[in-house]
Number of protein chains: 2
Amino acid sequence: MSFILGSKSSKRIIVLCTTIAILFILLLTTLYSGTIRQSPCHLLSAVSIPSLSLNLPGSKNNHLFTNFNHITSSANHAQRNKEKILVLTPLKDASPYLDQYFKLLDETSYPNHLISLAFLVSDSSDNTLESLQSHINDIQSRWNYRHRFESVRIFKKDFDFDLPSSRRHEYEMQPLRRSILARSRNWLLSAALKSDTSWVAWIDIDVVEYPTSIFQDLMRADADVVVPNCLLKRDDQAFWAYDKNNWQETDESKRIQEGLDEDFVLLEGYYEFPTYRYLMVDMPTDVDKDYKVELDGVGATFTLVKAHVHREGANFPAFTYQHQVETEGFAKMAKAMGFSVYGLPGYLIYHIQNH
Amino acid sequence: MSFILGSKSSKRIIVLCTTIAILFILLLTTLYSGTIRQSPCHLLSAVSIPSLSLNLPGSKNNHLFTNFNHITSSANHAQRNKEKILVLTPLKDASPYLDQYFKLLDETSYPNHLISLAFLVSDSSDNTLESLQSHINDIQSRWNYRHRFESVRIFKKDFDFDLPSSRRHEYEMQPLRRSILARSRNWLLSAALKSDTSWVAWIDIDVVEYPTSIFQDLMRADADVVVPNCLLKRDDQAFWAYDKNNWQETDESKRIQEGLDEDFVLLEGYYEFPTYRYLMVDMPTDVDKDYKVELDGVGATFTLVKAHVHREGANFPAFTYQHQVETEGFAKMAKAMGFSVYGLPGYLIYHIQNH
């Protein structure tokens, strides 16, 4: 078979062929150069990616080296400084709350692309894990990537702890229950904290109402740890305390602690052992939203923490520390390390009644 | 100009052109498929890379999801299970020790590719950072990648704490000095812990002699926290205690603690305040290398920790916990959380004399 080409088509083929070959070589070259090798990963990843390439500090692409001296947590310029928030939420049988949880977070005025989310799912018997993944899929597959969160990660860790809901709020069960909660919070924190996190926000899955400006509002308090005032969401809009773990010690509460066994855990809201502390939910709420009071114990329905507090070691004691465990123990630890802990009695958010 | 091609060369060009085009398209396709997108990153990265692609758990490539239920720390099958060790070392003005540190680590019989290293450099006035990077460059650029460590990372965080070396060992300076050390250890831990870490080894930069099988030997103790017996390296080979922070409480030591102010920090090896504890360096050392004793306090010249201990929240208190800070406080915390803490009095390692 003979095959004859005119000079025009021959030229076209040669030009096409050469172009493709050049493109091919260019692509191969860029693929194996250090610069590009890191950037596609960086787009995908939720963490800084250390690599084997080594440069002296100062080089932008040097993921081997992280300089923590540059990380800021600023009261008024967080967004301008592109400070990253890590939202942490431990979950257990939480399917019914996911819709509202993501709706609220998505509506906050702090840019989503500066917010990462991480969840620890433990000991769940409902479809929490699958439902969570489906919610994340919906929210992160949106066309406009600026509306997506910077990253969302799920960790699973079972503690084989299953308290029947009828006994969940029994006084005697609390120290054990709270120490398991502490372990799961610490597990989540140690797995999820990233090198560029400036702020850590602990948010309960069943918080159902808060202002869209909550992140900026809490940052403005410029505290190492800060909490709003969390009430119970009721149909009749009545004032009903929810988070009783936000409190100040009083002379009376300090006095009764003197005689206590070192291992005795104090708990708020139980008639079995009154603590005589001054709870934030009992403070006047008709004050300015920015009005802040120093606290000695905090809950974690919605708690904003400057990341260095956790990095220096303040976490949620699963053991008795100054008669506290978990979130109140965290406040006690943070204060013992010299960090500031504040609450905003006039800043109201709402939690669902759980059983 | 005319241009004529014979049928043979025409065919060759078309075949070549088609082949290149197909290769090009194939390359583009694989580049943008999820599978390949993750794998080049995975090779480079030192961490699991979360991505935006979402699958249900069970999928191997799903980096969004981490199941911690599968992580093991096994006494005798760590290597077979490919369990990962994370070696953590805080550094300050440490240039002179780097050669020996890397030499020893490189010679351990636990495979390098299952070991990651992470350093926290703080408040250094010598060239620690540059020297460290040059050592890492040498060790990680070796031809045989199986000899390389899985990853090496450096974190920098200054605490603006500079105690003149003449005052470094003064009694009154210890609680403050140790609390800064605690903060730097926690900072390193929270930055470096990876999702697949099974064991955390804390190794002082100036430990200068230990057996190559040390990882397997310590794992064999099957303790949540375990330490060898650390002596001072001397030219005359005399027995000279170094790590006095490995100890057991005694009846006498418990008794004197009863009357102490809650904030008082106890320290070993200072004539100003004898503690009456039983130090591991004072125990008989002519016992089997595997012989283990329960401890109440540990140092961290060489300390192997099952990773879940840190993940559940036991770290290095920068505040006073049961009259301790830092490493001894860590042992106290771990025990309060129900973890086992052991020492091997017959297993000797050596530390340089520092000033």
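Notes on the structure in this doc start here. Keep in mind it's a predicted model, so treat the numbers as computed, not measured.

**Things to note about the environment of B:D243**
Residues and elements named next belong to chain B.
Line of reasoning, step 1. Structurally, D243 is set in the loop between β7 (225–232) and β8 (247–248).
Line of reasoning, step 2. Distance from D243 to V298, taken between C-alpha atoms, is 8.6 Å for residues 55 residues apart in sequence.
Line of reasoning, step 3. Other than its neighbours up to four places away in sequence, D243 contacts C230, V281, G299, A300 and T301.
Line of reasoning, step 4. Looking at D243, its side chain comes within polar contact range of the main-chain nitrogen of N245, at 3.0 Å.
Line of reasoning, step 5. Polar contacts involving the side chain of D243 include one to the side chain of T301, which spans 3.0 Å.

**Topic: the packing of helix α3 (residues 98–107) of chain B against helix α4 (residues 128–140) of chain B**
When two helices pack together, their arrangement is given by the angle between their axes and by how far apart the axes lie.
Residue and element names in this part refer to chain B.
Line of reasoning, step 1. Relative to each other, α3 and α4 sit at 30 degrees, their axes nearing to 11 Å. The orientation of α3 with respect to α4, classified from their angle, is roughly parallel. For the crossing formed where α3 meets α4, the hand is right-handed. Contacts between α3 and α4 pair L98, D99, F102 and D106 from the former with T128, S131, L132, H135, I136 and I139 from the latter.
Line of reasoning, step 2. Looking at the contact of α3 with α4 residue by residue, the classes come out as five nonpolar, three polar and two charged.

**Focus on the pairing of strand β2 (residues 84–91) of chain A**
Residue and element names in this part refer to chain A.
Line of reasoning, step 1. The element β2 is largely enclosed, with a buried count of eight among its eight residues.
Line of reasoning, step 2. Side chains of β2 alternate between two faces, with K84, L86, L88 and P90 and I85, V87, T89 and L91 buried alike.
Line of reasoning, step 3. Bridge count between β2 and strand β5 (residues 197–203): five bridges; the pairing is parallel. Note that in β5 the partner of L86 across the bridge is V200.
Line of reasoning, step 4. When β2 meets strand β3 (residues 115–121), the two strands line up parallel, connected through seven bridges. What sits directly across from I85, in β3, is I115.

**Remarks on the nonpolar core**
Line of reasoning, step 1. Counting 86 residues, the largest nonpolar core has A:L88, A:W202, B:L88 and B:W202 as the members making the most contacts within it.
Line of reasoning, step 2. Excluding residues within four positions of it along the chain, B:L88 makes contact with B:A118, B:L188, B:L189, B:A192, B:V200, B:A201, B:W202 and B:I203.
Line of reasoning, step 3. Counting 45 residues, the second-largest nonpolar core is a separate cluster that includes A:L129, A:I136, A:I205 and A:C230.

**With respect to the packing of aromatic side chains**
Line of reasoning, step 1. For the structure on display, the rule yields 27 aromatic pairs over all chains.
Line of reasoning, step 2. For the pair A:Y321 and B:F319, a centre-to-centre distance of 4.9 Å together with 55 degrees between the ring planes defines the contact as tilted. Taken as a pair, A:Y321 in the loop between α8 (307–311) and α9 (326–336) and B:F319 in the loop between α8 (307–311) and α9 (326–336) lie in two separate chains rather than in one. We note that A:Y321, like B:F319, is buried.
Line of reasoning, step 3. With a centroid separation of 4.9 Å and an interplanar angle of 80 degrees, the aromatic rings of B:W202 and B:F316 are classed as edge-to-face. Of this pair, B:W202 sits in strand β5 (residues 197–203) while B:F316 is found in the loop between α8 and α9, placing the two residues 114 residues apart along the sequence.
Line of reasoning, step 4. Here B:F316 falls in the buried class, since its relative accessible area comes to 1%.
Line of reasoning, step 5. Above the ring of A:Y347, the side-chain terminus of A:K289 is found at 4.6 Å from the ring centroid.
Line of reasoning, step 6. Directly above the aromatic system of B:F159 lies the positively charged group of B:K157, at a separation of 5.8 Å from the ring centroid.

Conventions and cut-offs
Residues numbered from 1 in each chain as written. Chains lettered and ligands numbered in written order. Predicted model: local features only at pLDDT ≥ 70, side-chain atom pairs only at ≥ 80, totals over all residues. Heavy atoms only, no water. Helix = DSSP H or I, 4+ residues; strand = E, 2+ residues; numbered from the N terminus. Contact = heavy atoms within 4.5 Å. Polar contact = N/O pair within 3.5 Å; in protein donor to acceptor, adjacent residues only side chain to side chain. Axes fitted to C-alpha atoms, helices over the stretch in contact; angles between N-to-C directions. Parallel < 35°, antiparallel > 145°, perpendicular 65-115°, else oblique. Left-handed = near helix turned anticlockwise from the far one by under 90°. Nonpolar A, V, L, I, M, F, W, Y, C, P; charged D, E, K, R; others polar. Buried < 20%, exposed > 50% of the residue type's maximum accessible area, 1.4 Å probe, protein only. Pairing = 2+ DSSP bridges. Core = buried A, V, L, I, M, F, W, Y, C linked by side-chain atoms within 4.5 Å. Phe/Tyr/Trp six-rings, centres within 6.5 Å; stacked < 30°, edge-to-face > 60°. Lys NZ or Arg CZ within 6 Å of the ring centre and 35° of its normal.

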